[in-house]
Structure formats: structure tokens, C-alpha cells
Amino acid sequence: MEKLKKELLGAWSLISYIELPVGGSDSKFPMGKNPKGLLSFLEPSILSLQITAPEREHWSVMDMQQVPEAEVAASARTFLAVSGNYRIHPKLPVLTMQPEISSIPNLVESALEYHFELESDVLYLKSVEPFLSAGTMTNMHLTWKRMPVSSINHRKQRFVELITGGKEELNKQLDVEI
């Protein structure tokens, strides 16, 4: 189990997010056919997961306390975030997430179980138990690809450049005034 945890360490980019209804109807793509996502496994047993639809509507205002309720509701349906602890079953290929923070409040302090398979740099996660989605019991299938260290280092370096490059450069990149 410890060896497997070491293999999971790092950042993973989402390849696909598909929901398969239990009754056998057509597959659903709740975040579109080309969702974006990031899954990070950190020491000792911490994970962070974010999934979003690729094209999200911008809010009409930047102040999140002033955004109209309809815009907040629409954006909530196109973003999923979970972070907390995880554990791997000692004998079965099952990974259990234990969210401490989630964009879906009902998931906090629950146990989300996924069958997993790791093939080189591809990680497959499939929900152990079906869940309700749009009124239908479905199974979630997620496919992740390990992000190369060079990509992670580039993102980290760019962030540091923006932060240390001064307020003007950051304003230009974010298209806001600080």
C-alpha cells in the first residue's frame, strides 16, 4: 500500500469524466465532453481535486458577495472541488476520499469510495456505489493522466514570476486592478 501511495504522489490532469446510468441508458457528460480537472496527491495522505466544465460563463461582477444568485447557481453546476484525506484499502483496489472541504457541502466528512486502476501514467477511478445525478442512479468514471514534472515546475515558476513581478504585471495578466 505504501508503494502505491508513492506512485500516486504528484499532480494528475483530467482526461475524461463520464457518468454511466445504472439502467444502461446513454452515458452522460456532466462537465461536457472535454472537462478540465486537476487531482493532486500529497504527503502523508492528502488529496485535492477540482473539475470544471471547459467553457464557463463569467460573472457580471468580480465581487463574489455581489454576484446575482442565478449566476452563482449556474457556476456551481459546472465546478466540483474536494479536498481532504484519502486512504487505500489494504487488500482491494479501492481508494477512499474523506472530504474536509467540498463545493458540495453534503460530501464533507463522508467517505467517497472508488475502484482504481493505475497503468503507468494513467489513473482510472470508478465510483464503488452508484449515486444520484440528474434524477438517475449513475456510476462515475474518471480518467487522469500524470502531469509531467516539467509542466508542474513551469506553472509554479510562472506563478512566482507573476507574484514577484510586481503589481502591474499581475494586473495585466489577470486583467484586473489591485
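The structure this text deals with has already been given above.
Read on for an overview of the structure. Because the structure is predicted, anything quoted here is derived from the model rather than measured. (Residues numbered from 1 in each chain as written. Predicted model: local features only at pLDDT ≥ 70, side-chain atom pairs only at ≥ 80, totals over all residues. Heavy atoms only, no water.)

Section: the overall build of the protein
Helix and strand counts for the protein stand at 4 helices and 9 strands. Counted from the first residue to the last, the protein has its helices and strands arranged as α-β-β-β-α-β-β-β-β-β-β-α-α. For the protein, the proportion of contacts with a sequence separation of at least 24, taken over those separated by at least 6, is 47%. (Helix = DSSP H or I, 4+ residues; strand = E, 2+ residues; numbered from the N terminus. Contact = heavy atoms within 4.5 Å.)

Concerning unusual backbone geometry
Look at the link from Glu43 to Pro44: it is a cis peptide, with omega at -10 degrees. Within the element layout of this structure, Pro44 appears in the loop between β2 (36–42) and β3 (46–52). Phi is positive for Glu109, which is not a glycine, with a value near 65 degrees. In this fold, Glu109 is placed in the loop between β5 (94–102) and β6 (112–119). The class for Glu109 is exposed, based on a relative accessible area of 76%. A positive phi angle, near 55 degrees, is found at Ala134, a position not held by glycine. With respect to the element layout, Ala134 can be found in the loop between β8 (131–133) and β9 (136–146). (Buried < 20%, exposed > 50% of the residue type's maximum accessible area, 1.4 Å probe, protein only.)

A few points about the layout of surface pockets
Taken as a whole, the largest pocket spans an internal volume of roughly 940 Å³. Around the largest pocket, the lining is made up of 34 residues, and of these Tyr17, Leu80, Ile104, Phe131 and Met140 lie nearest the centre. Across the lining of the largest pocket, the residue classes break down as 24 nonpolar, 4 polar and 6 charged. Approximately 300 Å³ is the volume attributed to the second largest pocket. Partitioning the lining of the second largest pocket into residue classes produces 3 nonpolar, 2 polar and 2 charged. (1 Å grid on protein atoms, 1.4 Å probe; cavity = no way out; pocket = protein on both sides within 12 Å on 5 of 7 lines; lining within 4 Å. Points joined across faces, edges and corners; volume = space filled by probe spheres on them. Nonpolar A, V, L, I, M, F, W, Y, C, P; charged D, E, K, R; others polar.)

Notes on a nonpolar patch on the surface
A cluster of nonpolar side chains, contributed by Val22, Leu132 and Met137, occupies part of the molecular surface with about 300 Å² of accessible area. Within the fold, Leu132 resides in strand β8. (Patch = residues over 30% accessible without salt bridge, like charges linked within 9 Å, V, L, I, M, F, W, Y side chains within 5 Å. Areas by Shrake-Rupley, 256 points an atom, 1.4 Å probe, with all protein chains shown as cover. Salt bridge = Lys/Arg side-chain N within 4 Å of Asp/Glu carboxyl O.)

Quick look at the pattern of salt bridges
Per the stated rule, a full pass over the model turns up 1 salt bridge. The closest approach of N and O atoms between Asp121 and Arg146, which form a salt bridge, is 3.3 Å. Residue Asp121 is found in the loop between β6 and β7 (122–127), and its partner Arg146 is found in strand β9; the two are separated by 25 residues along the sequence. Judged by its relative accessible area of 33%, Asp121 is partly exposed. Owing to a relative accessible area of 23%, Arg146 belongs among the partly exposed residues under this scheme.

A few points about the packing of aromatic side chains
Taken as a whole and assessed by the stated rule, the structure comprises 1 aromatic pair. Between Phe41 and Tyr86, the aromatic rings sit 5.0 Å apart at their centres with planes inclined by 75 degrees, giving edge-to-face as the arrangement. Highlighted residues: Phe41 in strand β2 and Tyr86 in strand β4 (residues 79–88), separated in sequence by 45 residues. Classification of Phe41 as buried rests on a relative accessible area of 2%. A cation over an aromatic ring shows up here: Lys5 above the ring of Tyr86, its NZ or CZ 5.5 Å from the ring centre. (Phe/Tyr/Trp six-rings, centres within 6.5 Å; stacked < 30°, edge-to-face > 60°. Lys NZ or Arg CZ within 6 Å of the ring centre and 35° of its normal.)

Thoughts on the side chain of Ser16
Inspection of the secondary structure assignment puts Ser16 in strand β1 (residues 10–21). Ser16 gets classed as buried once you look at its relative accessible area, which sits at 18%. Dropping the residues within four chain positions of it, Ser16 is found in contact with His141, Leu142 and Thr143.

A short note on the environment of His141
Looking at where His141 falls in the secondary structure, it is placed in strand β9. Residue classification places His141 among the partly exposed residues on the basis of a relative accessible area of 23%. The sequence separation of His141 and Lys126 amounts to 15 residues, and the corresponding C-alpha distance is 4.5 Å.

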